[in-house]
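Per-entry structural report
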Amino acid sequence: MGFSKKIRPDAVTTANTGFGNNASNYGGRLVNKDGTPNIEKTGLGPFERISWFHSMLSIPRWRFFVIVLFFYVGVNLLFTLIYYFIGVEKLSGLNVVSEREKFTEAFFFSTQTFTTVGYGRISPTGFAMNAVSSFQALIGLLSFAVATGLMYGRFSRPKSFLRFGSNAIIAPYKDMTGLMIRVAPYKNTTLSDAEAILTMVIISEDHGKLSNKFYTLPLELRTISSFTLSWTLVHPIDESSPLYGFTKEDFANIKGEIMIYIKAFDDMFSNTVISRTSYTMDEVAYGVKFTPMFYRDDIKHTTMLDMNKLSAFEDAPMPAGSVTEN
């Protein structure tokens, strides 16, 4: 794994990554595809280790609503059991005989109390029943306040709405080659003043010890003023590039990762949004080029951005003496 010997000694390195240099202490990739660090904390309890509020804001939408539904049903089942054991005869207005009907009516009374709807058909009598229903009404008010805050937080939280291609590529670029990554906004948002930073880590072996070597990958365009269509990030593999002189075999055998950081200003949120991802070296395609993903619609007189082609690429002849030659 002596790839560090092939890298030019004047290649720009960086230590400002937040990751350590000892590769033997790391498992797998440094950054997950969704941009989150590939880190799991131990030595703490779940209430210390996890911010439940942030987790509820960031989990997928379907999981959020499933948790809310299970909490709603679970709380009402708990209070239903309490009402049932106190005695459903303490609920005025019930005209049922079977135990199943009693339990069902107690459950719906619980949901009405929890939501503070109160249709008036059934009402509690006696101290115990009134005390429990009053406490449940309080729990319901607090729960809906928290749920409302979480719903607002999920919809109002600034998000980049950027989607990255599934592969980075080594493609022809001018009279040489370039490392390219394509990204595009997929919502009806307006992004401006976008800035991208590429950092590459190569795992090398020095004196029998695995180490992480971090390199800054300069871009053809690091910033763009308006980010409305796809943006192909291009790192020219010239003599100043840490990838200069790497062959196709080198790219196939090297162990490393390319980390991407993008920030932009969203006019709708009036705030800065951030997106991250990474590509391991086995997620880099060689000797290909991206296929165009936007085109002119003469009927609508507009530009069409086809997100289905974000990751599409095709074979491309490489320049003589390129890094993809064996």
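Now for a quick tour of the structure. Predicted model, so just to flag it, every value in this text is computed and none were measured.

Another aspect to go through is the nonpolar core. Formed by 35 residues in total, the largest nonpolar core has its most connected members in Ile-181, Leu-198, Leu-233, Ile-258 and Ile-260. In terms of residue count, the dominant contributor to this core is strand 6 (residues 191-206) (6 residues). For Ile-258, the residues in contact, after removing those within four places along its chain, are Leu-179, Ile-181, Leu-198, Thr-199, Met-200, Leu-217, Thr-277, Ser-278, Tyr-279, Met-281 and Val-284. Of all hydrophobic cores here, the second largest spans 12 residues; its members include Val-88, Leu-91, Phe-114 and Ile-122.

Attention shifts here to the packing of aromatic side chains. One pass over the full model with this rule turns up 11 aromatic pairs. Ring geometry for Tyr-72 versus Phe-114: centroids 5.8 Å apart, planes at 65 degrees, classification edge-to-face. With Tyr-72 in helix 3 (residues 61-86) and Phe-114 in helix 4 (residues 99-114), the pair connects residues that are 42 residues apart, well separated along the chain. For Tyr-72, a relative accessible area of 28% puts it in the partly exposed group. Taking 6.5 Å as the distance between ring centres and 40 degrees as the angle between the ring planes, the aromatic pair formed by Phe-79 and Tyr-83 counts as tilted. Here Phe-79 and its partner Tyr-83 are both found in helix 3, 4 residues apart, which amounts to about one turn of the helix. Residue Tyr-83 is classed as buried on the basis of its relative accessible area, which comes to 0%. Connected via pairs of aromatic rings, a cluster forms that spans Phe-79, Tyr-83, Phe-109 and Phe-135. One cation-aromatic arrangement involves Arg-163 over Tyr-186; the distance from NZ or CZ to the ring centre is 4.1 Å.

This brings us to helix 3. Between its first and last C-alpha, helix 3 extends 38 Å over 26 residues, near the 38 Å set by a 1.5 Å rise per residue. Residue Gly-87 follows helix 3 closely and has a positive phi angle near 125 degrees.

When you line up the elements, Gln-112 lands in helix 4. Taking relative accessible area as the criterion, Gln-112 reaches 18% and is therefore assigned buried. When residues no more than four places from it in sequence are discounted, the contact partners of Gln-112 are Val-117, Gly-118 and Tyr-119.

Let's shift gears to the side chain of Gln-136. With respect to the secondary-structure elements, Gln-136 resides in helix 5 (residues 127-156). Among the polar contacts made by the side chain of Gln-136, one reaches the side chain of Tyr-83 at a distance of 2.6 Å. Those residues within four positions of Gln-136 in sequence are excluded, and the remaining contacts are Asn-76, Phe-79, Tyr-83, Ser-110, Thr-113 and Phe-114.

It is worth spelling out the packing of helix 3 against helix 5 at this point. For any two helices packed against each other, the geometry comes down to the angle between their axes and how far apart the axes lie. For the pair helix 3 and helix 5, interaxial distance at closest approach is 11 Å and the crossing angle is 175 degrees. Relative to helix 5, the element helix 3 lies roughly antiparallel. Only Ala-128, Met-129, Val-132, Ser-133, Phe-135, Gln-136, Ser-143, Leu-150, Met-151 and Arg-154 of helix 5 make contact with helix 3, whose side of the interface consists of Arg-61, Phe-64, Phe-65, Phe-71, Asn-76, Phe-79, Ile-82, Tyr-83 and Ile-86.

The rules we used
Every chain is numbered on its own, with residues counted from 1 as its sequence reads. Restriction of local features to residues with pLDDT of at least 70 applies here, the model being predicted, together with a cutoff of 80 or more for giving and counting side-chain atom pairs; totals for whole chains, interfaces and linings are based on all residues. Side-chain measures here rest on the full set of heavy atoms in the structure, leaving out hydrogens and waters. The criterion is simple. A nonpolar core is a set of buried Ala, Val, Leu, Ile, Met, Phe, Trp, Tyr and Cys residues joined through side-chain atoms within 4.5 Å. Burial classification: accessible surface area is computed with a 1.4 Å probe over protein chains only, and a residue below 20% of its type maximum counts as buried, one above 50% as exposed, and the rest as partly exposed. Helix and strand definitions follow DSSP, with helices as H or I runs of at least four residues and strands as E runs of at least two, each counted in order from the N terminus. Residues are treated as being in contact if the distance between any of their heavy atoms lies within 4.5 Å. Between 30 and 60 degrees the pair is tilted, below 30 it is stacked and above 60 it is edge-to-face, where a pair is any two Phe, Tyr or Trp rings, Trp via its six-membered ring, whose centres lie within 6.5 Å. Criterion for a charge above a ring: Lys NZ or Arg CZ within 6 Å of the ring centre, and within 35 degrees of the ring normal. Here the expected span of a helix is defined as 1.5 Å times the quantity of residues minus one. Nitrogen and oxygen atoms within 3.5 Å of one another constitute a polar contact, given that in protein one can donate a hydrogen and the other can accept it, and given that sequence-neighbouring residues count only through two side-chain atoms. Axis definition: a line fit to C-alpha positions, over the contact stretch in the case of helices; interaxial angles, taken between N-to-C directions, run 0 to 180 degrees. Note on terminology: angles under 35 degrees are roughly parallel, angles over 145 are roughly antiparallel, angles of 65 to 115 are roughly perpendicular, and the others are oblique.

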